[in-house]
Amino acid sequence: MNILDINKVKNKEYIVLLPKYDYDIKDSVEYSFENVFYLDYELTKEHADILIDFINNKAKMLILFDYDEFYRQILPYIRRTKKVKWIYKNSIAQMTTGMVRATITNLMEFYDRNIVDEIGCLDKSTYAVFKNSGYRVKHILLDANPKIKKAKKSNSIGVIGNDYDPNHNTYNQLSALKLVDYNYVKMVKSMPATEHFINFFNIKEKKVNTLKEAMEDNFVNLYCNFTGNNTELILKSLDMNIPCILGNTNLFDKFPKLKKYLVLESDDDINEIAYKINNIKENKENIVKEYAKFRQKYSLESKSIIEKFLK
């Protein structure tokens, strides 16, 4: 939705701003919140003035995701009687990346100026760090639309992380394929090194152009990240009845069966990744049943957390 159309919104309780940087979580933000405005076009003083006027005179709350320079044009002019809440996507471990450090620096600046009332963290460990440091913070669970078509029976594997992100462990996952039986792998490639790796080691591949194509109709998806998990992708995969093998995550800590089948003990252990892939074929039915229990509980918890966050 474009800010110039803001007066068309029906629920005037709050407005959400989502920068282009966060489009990887766009579907779950849309599903979890109303009135989501995308910052993927040239923003002018007119946009800022319209938004400021709407927040100050009609809405009760402004919710920001991560960071966009546009925030500096609006935040100093929001009345202190209005609530401003800021949701931070990344983990503490990702602060080795300059852009992530810049986001947290800007967030802290506005919090310290008492412009931001509360911080929301998508990453549970980051939430714990902020909470222990005395910040007003909540752990936010974004939900995703569970109405996704079920996968067809196949013997293909999807790699759904980003090959340009070292935290996404791409080459260990591809290496593990040499130890398992599969028809082909699907993934979106951004790095020439990935193409070279696949060709050099004769990894069987079916070329795809989108993440959706890479994810669907596989018997397993690999998302064995060291950090930087996008829960939306995990939910989407398992909602299609496609088990998703994961690296460092606490997502299934309360569901030991899912943790046993899906979560690696050592993220970069190629043999363990291969073992988990082979184990999926024997235990898929158990995984699907256990995930149904998890999914119901997750959605209820997400709804409850977001309702509290919006108060």
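For the structure itself, look to the data block above.
The rules behind these values
- Numbers given for residues are sequential positions, taken from 1 along each chain in its written order.
- The predicted origin of the model limits local features to residues at a pLDDT of at least 70 and limits the giving and counting of side-chain atom pairs to 80 or more, whereas totals for whole chains, interfaces and linings rest on all residues.
- To obtain the side-chain values, all non-hydrogen atoms of the structure were used and water was disregarded.
- Here a helix means four or more residues in a row that DSSP labels H or I, a strand means two or more in a row labelled E, and each is numbered from the N terminus.
- Radius of gyration means the value over C-alpha atoms here, while the globule rule gives 2.2 Å times the residue count to the 0.38 power.
- Only protein chains enter the accessibility calculation, which uses a 1.4 Å probe; a residue is then buried when its area is under 20% of its type maximum, exposed when over 50%, and partly exposed in between.
- The method behind every accessible area is Shrake-Rupley, applied with a 1.4 Å probe, and residues are considered shielded solely by the protein chains displayed.
- Counting rule applied: Lys, Arg positive; Asp, Glu negative; His and chain ends not counted.
- Charge positions are represented by NZ for Lys, CZ for Arg, CG for Asp and CD for Glu.
- Given the number of residues in a helix, its expected span is that number minus one, multiplied by 1.5 Å.
- To obtain the bend at a residue, axes are fitted to the seven residues ending there and to the seven starting there, and the angle between these axes is taken.
- Residues adjacent in sequence count toward polar contacts only when both atoms are side-chain atoms; beyond that, a polar contact is any pair of N or O atoms within 3.5 Å, and within protein one must be able to donate a hydrogen and the other to accept it.
- One side-chain nitrogen of Lys or Arg within 4 Å of one carboxyl oxygen of Asp or Glu is enough to make a salt bridge.
- Throughout this description, the term nonpolar core refers to a set of buried Ala, Val, Leu, Ile, Met, Phe, Trp, Tyr and Cys residues connected via side-chain atoms within 4.5 Å.
- Pairing between two strands requires that DSSP report at least two bridges joining them.
- Handedness of a crossover is defined as follows: orient the strands so they point away from the viewer, and if the path from the first strand over the helix to the second runs clockwise, the crossover is right-handed.
- Should any heavy atoms of two residues lie within 4.5 Å, those residues are counted as being in contact.

**Some words on the overall build of the protein**
(1) Moving on: A tally of regular secondary structure across the protein gives 11 helices and 10 strands.
(2) Moving on: Relative to its length of 311 residues, the protein is compact, with a C-alpha radius of gyration of 21 Å against a globular reference of 19 Å.
(3) Moving on: Seen along its three principal axes, the alpha-carbon backbone of the protein occupies a region of about 60 × 40 × 40 Å.
(4) Moving on: Of all 311 residues assigned to the protein, the portion counted as buried reaches 52%.
(5) Moving on: Carbon and sulfur atoms make up 50% of the accessible area of the protein, which totals about 15,000 Å².
(6) Moving on: Of the side chains in the protein, 48 bear a positive and 42 a negative charge, and the two mean positions are spaced by 5 Å.

**Comments concerning helix α11 (residues 270-309)**
(1) Moving on: Between its terminal C-alpha atoms α11 stretches only 40 Å, short of the 58 Å expected from 40 residues at 1.5 Å a residue.
(2) Moving on: Where α11 bends most, at Asn283, the angle is about 80 degrees.
(3) Moving on: The N-terminus of α11 is capped by Asp269, whose side-chain oxygen sits 3.0 Å from the backbone nitrogen of Asn271.

**Looking at the pattern of salt bridges**
(1) Moving on: Within this structure, the stated rule accounts for 24 salt bridges.
(2) Moving on: Note that Glu195 and Lys207 form a salt bridge whose closest N and O atoms lie 3.1 Å from each other. In this pair, Glu195 is assigned in helix α7 (residues 192-200) and Lys207 in the loop between α7 and α8 (211-215), connecting sequence segments 12 residues apart.
(3) Moving on: Among the residues examined, Lys207 registers a relative accessible area of 56% and is labelled exposed.
(4) Moving on: Through salt bridges with shared partners, a single ionic network connects Lys189, Glu195, Glu205 and Lys207.

**Overview of the nonpolar core**
(1) Moving on: One finds Phe33, Phe65, Leu177, Phe252 and Ile277 to be the most contacted residues of the largest nonpolar core, which totals 64 residues.
(2) Moving on: Broken down by element, the residue count for this core peaks at 11 residues, all from α11.
(3) Moving on: If you look at the next biggest cluster of nonpolar residues, it comprises 38 residues, including Val9, Val100, Leu107 and Val137.

**Brief notes about the pairing of strand β4 (residues 83-88)**
(1) Moving on: Extensive coverage of β4 is indicated by the burial of 5 of its 6 residues.
(2) Moving on: Relative to β4, strand β3 (residues 61-65) runs parallel, the two being bridged by 5 bridges. Note on β4: the bridge partner recorded for Phe65 is Ile87.
(3) Moving on: Bridge count for β4 against strand β5 (residues 118-121) is 4 bridges, and the pairing is parallel. Of the residues in β5, the one forming a bridge with Trp86 is Ile119.
(4) Moving on: With helix α4 (residues 98-112) bridging β4 and the parallel β5, this β-α-β connection has right-handed handedness.

**Re the environment of Met191**
(1) Moving on: Inspection of the secondary structure assignment puts Met191 in the loop between β8 (185-186) and α7.
(2) Moving on: Along the sequence, Met191 and Leu62 sit 129 residues apart, while their C-alpha atoms lie 38 Å from each other.
(3) Moving on: Leave out the neighbours within four places in its chain, and Met191 touches Asp163, Tyr164 and Tyr171.

**Structural notes on the pairing of strand β1 (residues 14-19)**
(1) Moving on: Burial runs high along β1: 6 of the 6 residues are buried.
(2) Moving on: The side-chain alternation of β1 yields two buried faces, one formed by Tyr14, Val16 and Leu18 and the other by Ile15, Leu17 and Pro19.
(3) Moving on: As paired elements, β1 and β3 share 4 bridges and run parallel to each other. Residue pairing for β3: Val16 is matched across the bridge by Ile63.
(4) Moving on: Bridge count for β1 against strand β2 (residues 36-39) is 4 bridges, and the pairing is parallel. Among the inter-strand pairings, Leu18 is bridged to a residue of β2, identified as Tyr38.
(5) Moving on: The parallel pair β1 and β2 is bridged by helix α1 (residues 26-32), and the resulting crossover is right-handed.

**Re the environment of Ile287**
(1) Moving on: With respect to the helices and strands, the residue Ile287 is situated in helix α11.
(2) Moving on: Residues contacting Ile287, with those up to four places away along its chain left out, are Leu238, Pro243, Leu258, Tyr261, Leu262 and Ile280.

Read these as geometric descriptors, not functional statements.
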